[in-house]
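# Results of the structural survey
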Amino acid sequence: MASPIRMSGLNSGLDTESIVSALVSNYSSKVKKFTKEQTKLGWKQETWKEVNKNVYGFYTTLSSMRYTSAYDLKSSYVSDKTKATVTTAGNAAVGTHSLKIKSLAKSAYISGAEISAGKDGKGKVTADTKLGDLKDLGTITGDEGKIKITFKEEKEGSNGEKELVDGKEKVIELKKDMTVGSFINKIREAGLYANFDSKLQRIYISSDKSGAKNNFKITGEGNGENFLKALGIEEPLTLDEIEKKKNNSTDKVYKGATKVDGQDALITLDGVDYTSESNSISVNGITVNALAETDKEISITTIADTKGLYDKIKDFLGKYNDVVNELTSKYNADPAKGMDVLSDDEKKAMGEATAAKYEDKIKDSLLRRDTTLNSIITIMTNSMSRGFTIKGKNYSLSSFGIQTLGILNAAKNEQYAYHINGDKDDEKTETYPDKLMKALTEDPDTVMTFMKKLSEGLYSQLDKKMKSTYLNSAYTIYNDKEMDREYRNYSSLIKTWSDKVDSMEDYYYRKFSRMESSLAKLQGQQESLGGMIS
């Protein structure tokens, strides 16, 4: 609320506002004090939120690293990449597999015959052309017609096996005053893809998915046949049917509509046939993306992805390093001794850029020597330095050439970060023997077991720290609930002392107002007396 406008000191000549301000300064200093403390607490909350976000992100990474599936990486390659590509899941069998692609999946597709407008058939057709203006339709009696789209569906046959039969039907009512564009939209609404190519003067219709079960046919009912003929999609023929018709006719050029029947992909993998509506077929962890039919078998070779596993561990260590370096940097931040939150007047006097740098220094120091932060650093570093017994032998990260550089050799605040010996991307350790890759090549199971145990231990410790308590919420490493209560308490204190300031100001201004009134009366009496004497 805006401060009231007061006209004071007119008779006394006193600077009433300065006097009142001095009288209530003990109260207003409390407001300033608590406002600055609340601002600093708000900054600290924001800092903690960002830290917690990063720690929680690493925590979720740890969650998956506890399981075998995170390390069960495989890679595959195919002998002829022009015929197929392959992707591999962790459960794929290592070895060489034989593959033959017998047929590719296709979408059902109709390519309409060329159409025209006008009685003489010389007019161009556009999306706005009315159906009644198409060649051959204008002379046909009757303004309406119906066409029916019949879709295939899978049902169980008499022998218990699945078979495709005519199923769902969609009936579209056509009128001569309907445009070609409206007809296309009707086809789309029925569940098919349709387009009119104005340059080629043809209509194209296809199913939205490949496979035999997505086949369809379009037939006319009554006058609907005439509409189909005018639209160029009457009785489309397959390529085989067209060739047969050419062989039985003197006209060797076919100008009617053509169709491609939808079909499933069929592959033979290791002697077993598999079908799919699409050209992507997954079998026991191997996904084959068929590109072309093969006239002979090609091979798929699946191997353990040692490089992928190496990168997985490297990525894990990178995420750990990012988090622990951030925590260490905040814990060891330079102090902001003697620095306090700036008032608006102080910011203005200091200048915007300088004030921002000043406050950033305060913000950077808010978690300096914080005990909660130190406990997280301790949890992480202690968990990463643990050893485990596997197959009767003790292992730690250093067993695989993974170690810290130590406080003397590491960059500032990076003494807890881990480096992989022989890592070509790390100039500090690239010249050392690559023990991790050697271990992954010779005994990957031991490395995977160790990493699972390490991840489980660190995950468990962070999980305990993130449990919900009276002080903090679930999945939170700092006392967010306590800080929220403290923030609200500051709001209450600020309001209480602000109210006291307002109350005392009103009290003193009333006193001064009465004094001014008395002085005004006295001045009036003096003027009257002076007038009588003169």
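The structure this text deals with has already been given above.
Residues numbered from 1 in each chain as written. Predicted model: local features only at pLDDT ≥ 70, side-chain atom pairs only at ≥ 80, totals over all residues. Heavy atoms only, no water.

### A word on the sheet that holds strand β5 (residues 144–156)
By way of backbone hydrogen bonds, the strands of a sheet pair with one another, either parallel or antiparallel. Within the open sheet, the 3 strands sit side by side as β6-β5-β9. Their pairing is antiparallel. Strand pairing shows two members of the sheet lacking a second neighbour, β6 (162–175) and β9 (216–221), which therefore form its edges. Geometrically, the sheet is characterised by an average inter-axis angle of 25° between neighbouring strands, direction not taken into account. Running over the sheet, helix α4 (residues 224–231) touches β5, β6 and β9 and is turned about 120° from β9. (Pairing = 2+ DSSP bridges. Helix = DSSP H or I, 4+ residues; strand = E, 2+ residues; numbered from the N terminus. Axes fitted to C-alpha atoms, helices over the stretch in contact; angles between N-to-C directions. Contact = heavy atoms within 4.5 Å.)

### Details of the environment of Asp273
Inspection of the secondary structure puts Asp273 in strand β12 (residues 272–276). Distance in space between the C-alpha atoms of Asp273 and Ile101 is 9.6 Å, their sequence separation being 172 residues. Beyond its immediate sequence surroundings of up to four residues, Asp273 is in contact with Lys102, Leu266, Ile267 and Thr268. Within the local environment of Asp273, its side chain forms a polar contact with the side chain of Lys102, the two groups lying 3.4 Å apart. Polar side-chain contacts of Asp273 include one of 2.5 Å to the side chain of Thr268. (Polar contact = N/O pair within 3.5 Å; in protein donor to acceptor, adjacent residues only side chain to side chain.)

### What about the side chain of Gln45?
Structurally, Gln45 can be placed in helix α2 (residues 25–65). Among the residues examined, Gln45 registers a relative accessible area of 10% and is labelled buried. With residues near it in sequence (within four places) discarded, Gln45 still touches Tyr478, Met483, Asp484 and Tyr487. (Buried < 20%, exposed > 50% of the residue type's maximum accessible area, 1.4 Å probe, protein only.)

### Some points on a negative patch on the surface
There is a patch of like negative charges on the surface, built from Asp143, Glu144, Glu173 and Asp177. With respect to the helices and strands, the residue Asp177 is situated in the loop between β6 and α3 (180–189). For Asp177, a relative accessible area of 51% gives the class exposed. (Patch = residues over 30% accessible without salt bridge, like charges linked within 9 Å, V, L, I, M, F, W, Y side chains within 5 Å. Areas by Shrake-Rupley, 256 points an atom, 1.4 Å probe, with all protein chains shown as cover. Salt bridge = Lys/Arg side-chain N within 4 Å of Asp/Glu carboxyl O. Lys, Arg positive; Asp, Glu negative; His and termini not counted. Charge placed at Lys NZ, Arg CZ, Asp CG, Glu CD.)

### Let's talk about the pairing of strand β7 (residues 193–197)
Of the two faces of β7, only one is covered, namely that formed by Ala194 and Phe196; the face formed by Tyr193, Asn195 and Asp197 stays uncovered. With 5 bridges connecting them, β7 and strand β8 (residues 202–210) associate as antiparallel partners. Among the inter-strand pairings, Phe196 is bridged to a residue of β8, identified as Ile203.

### A few points about the packing of α2 against helix α6 (residues 306–331)
Across the interface, α2 lies against α6 with an axial gap of 11 Å and an inter-helix angle of 155°. By the criterion of interaxial angle, the relationship of α2 to α6 is roughly antiparallel. Considering the relative orientation of α2 and α6, their crossing is left-handed. Here Thr47, Val51, Asn54, Val55, Phe58, Thr61, Leu62 and Met65 of α2 come into contact with α6, specifically with Lys312, Phe316, Lys319, Tyr320, Val323, Glu326, Leu327 and Lys330. Across the contact of α2 with α6, the residue classes tally to 9 nonpolar, 3 polar and 4 charged. (Parallel < 35°, antiparallel > 145°, perpendicular 65-115°, else oblique. Left-handed = near helix turned anticlockwise from the far one by under 90°. Nonpolar A, V, L, I, M, F, W, Y, C, P; charged D, E, K, R; others polar.)

### Focus: α4
In an α-helix there are 3.6 residues to a turn, and that puts residues three or four apart on one side. The set of residues buried in α4 consists of Gly224, Phe227, Leu228, Ala230 and Leu231. Along the axis of α4, the buried residues cluster in a sector spanning 165°; they form a single face. Tucked inside the fold, the buried residues of α4 contact β5, β6, α3, β8 and β9. Gly232 sits one or two residues past α4 and shows a positive phi near 80°. (Arc of directions from axis to C-beta.)

### Let's talk about unusual backbone geometry
The phi angle at Glu235 is positive, at roughly 45°, despite the residue not being glycine. Turning to its location among the elements, Glu235 is positioned in the loop between α4 and α5 (239–247).

### Examining the pattern of salt bridges
Applying the stated rule across the entire model yields 21 salt bridges. A salt bridge links Lys74 to Asp72, with the nearest nitrogen and oxygen atoms 3.5 Å apart. Classification of Lys74 by relative accessible area gives buried; the value is 16%. Salt bridges linked by common partners bring Lys148, Glu169 and Glu221 together as one network.

### Quick look at the packing of aromatic side chains
Inspection of every chain in the model, using the stated rule, returns 14 aromatic pairs. When the centroid spacing of 6.3 Å and the interplanar angle of 45° are considered together, the rings of Phe34 and Tyr490 count as tilted. In this pair, Phe34 sits in helix α2 while Tyr490 sits in helix α13 (residues 480–533), placing the two residues 456 residues apart along the sequence. Taking the relative accessible area as the measure of exposure, Phe34 reaches 12% and is therefore buried. The ring of Tyr459 is capped by Arg66, whose NZ or CZ atom sits 3.8 Å from the centre of that ring. (Phe/Tyr/Trp six-rings, centres within 6.5 Å; stacked < 30°, edge-to-face > 60°. Lys NZ or Arg CZ within 6 Å of the ring centre and 35° of its normal.)

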